[in-house]
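Observations on the model geometry
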Amino acid sequence: MTRADVTLRDVAAACALDISTVSRALRGDARVAADTVAAVRQAAARLGYRPNLAARALRAGSTRTVWMLVGTLAVDFERLLADHAAAAVEA
């Protein structure tokens, strides 16, 4: 199994927990005990789990993506606007 193939279900099986508990643990939900969170995060790291951002966006109904269409970045204003937008997203 490659790292890209590791799913939340695999992490749940490795921890002998329900998928919903693993999901909550990885999100830092206060309803999950600290030792469980630590075990889940350790298993996720060991397996190489990476969240599926496309699945997350589909579930949330939002990609949290900002699109900008500019004529050219050679114009100072457009370059400045793009730089500030990128900085705001990274913050």
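The paragraphs below set out a description of the structure included in this document.

Conventions adopted
- Residues numbered from 1 in each chain as written.
- Predicted model: local features only at pLDDT ≥ 70, side-chain atom pairs only at ≥ 80, totals over all residues.
- Heavy atoms only, no water.
- Helix = DSSP H or I, 4+ residues; strand = E, 2+ residues; numbered from the N terminus.
- Rg over C-alpha atoms; globule rule 2.2 N^0.38 Å.
- Buried < 20%, exposed > 50% of the residue type's maximum accessible area, 1.4 Å probe, protein only.
- Lys, Arg positive; Asp, Glu negative; His and termini not counted.
- Charge placed at Lys NZ, Arg CZ, Asp CG, Glu CD.
- Core = buried A, V, L, I, M, F, W, Y, C linked by side-chain atoms within 4.5 Å.
- Contact = heavy atoms within 4.5 Å.
- Patch = residues over 30% accessible without salt bridge, like charges linked within 9 Å, V, L, I, M, F, W, Y side chains within 5 Å.
- Areas by Shrake-Rupley, 256 points an atom, 1.4 Å probe, with all protein chains shown as cover.
- Salt bridge = Lys/Arg side-chain N within 4 Å of Asp/Glu carboxyl O.
- Axes fitted to C-alpha atoms, helices over the stretch in contact; angles between N-to-C directions.
- Parallel < 35°, antiparallel > 145°, perpendicular 65-115°, else oblique.
- Nonpolar A, V, L, I, M, F, W, Y, C, P; charged D, E, K, R; others polar.

1. Let's talk about the overall build of the protein chain
Looking only at helices and strands, one finds 5 helices and 0 strands in the protein chain. Counted from the first residue to the last, the protein chain has its helices and strands arranged as α-α-α-α-α. Here the C-alpha radius of gyration of the protein chain, 19 Å, is well above what a compact globule of 91 residues would show, namely 12 Å. In terms of its C-alpha atoms, the protein chain occupies a principal-axis envelope of roughly 55 × 30 × 25 Å. Counting the 91 residues in the protein chain, one finds 16% classified as buried. Distance from the positive charge centre (12 side chains) to the negative charge centre (9 side chains) of the protein chain: 8 Å.

2. With respect to the nonpolar core
With 12 residues, the main nonpolar core is built from Val6, Val11, Ala12, Cys15, Val22, Ala25, Val32, Val37, Val40, Ala43, Ala44 and Tyr49. Listing elements by their share of this core, those giving two or more residues are α1 (8–15), α2 (19–27) and α3 (34–47). With 4 residues, the top contributor of residues to this core is α3. Excluding its chain neighbours within four sequence positions, the residues that come into contact with Ala12 are Leu17, Asp18, Ile19 and Val22.

3. A look at a nonpolar patch on the surface
A cluster of nonpolar side chains, namely Val66, Met68, Val75, Phe77, Leu81 and Val89, defines an oily patch on the protein surface of about 580 Å² accessible area. The topology assignment puts Phe77 in helix α5 (residues 76–90).

4. Here's the deal with the packing of α1 against α2
Contact geometry for α1 and α2: axes closest at 9 Å, N-to-C directions at 100°. Judged by the inter-axis angle, α1 sits roughly perpendicular to α2. Across the interface between the two elements, Leu8, Arg9, Val11 and Ala12 from α1 touch Ile19, Val22, Ser23 and Leu26 from α2. A per-class count over the contact of α1 with α2 returns 6 nonpolar, 1 polar and 1 charged.

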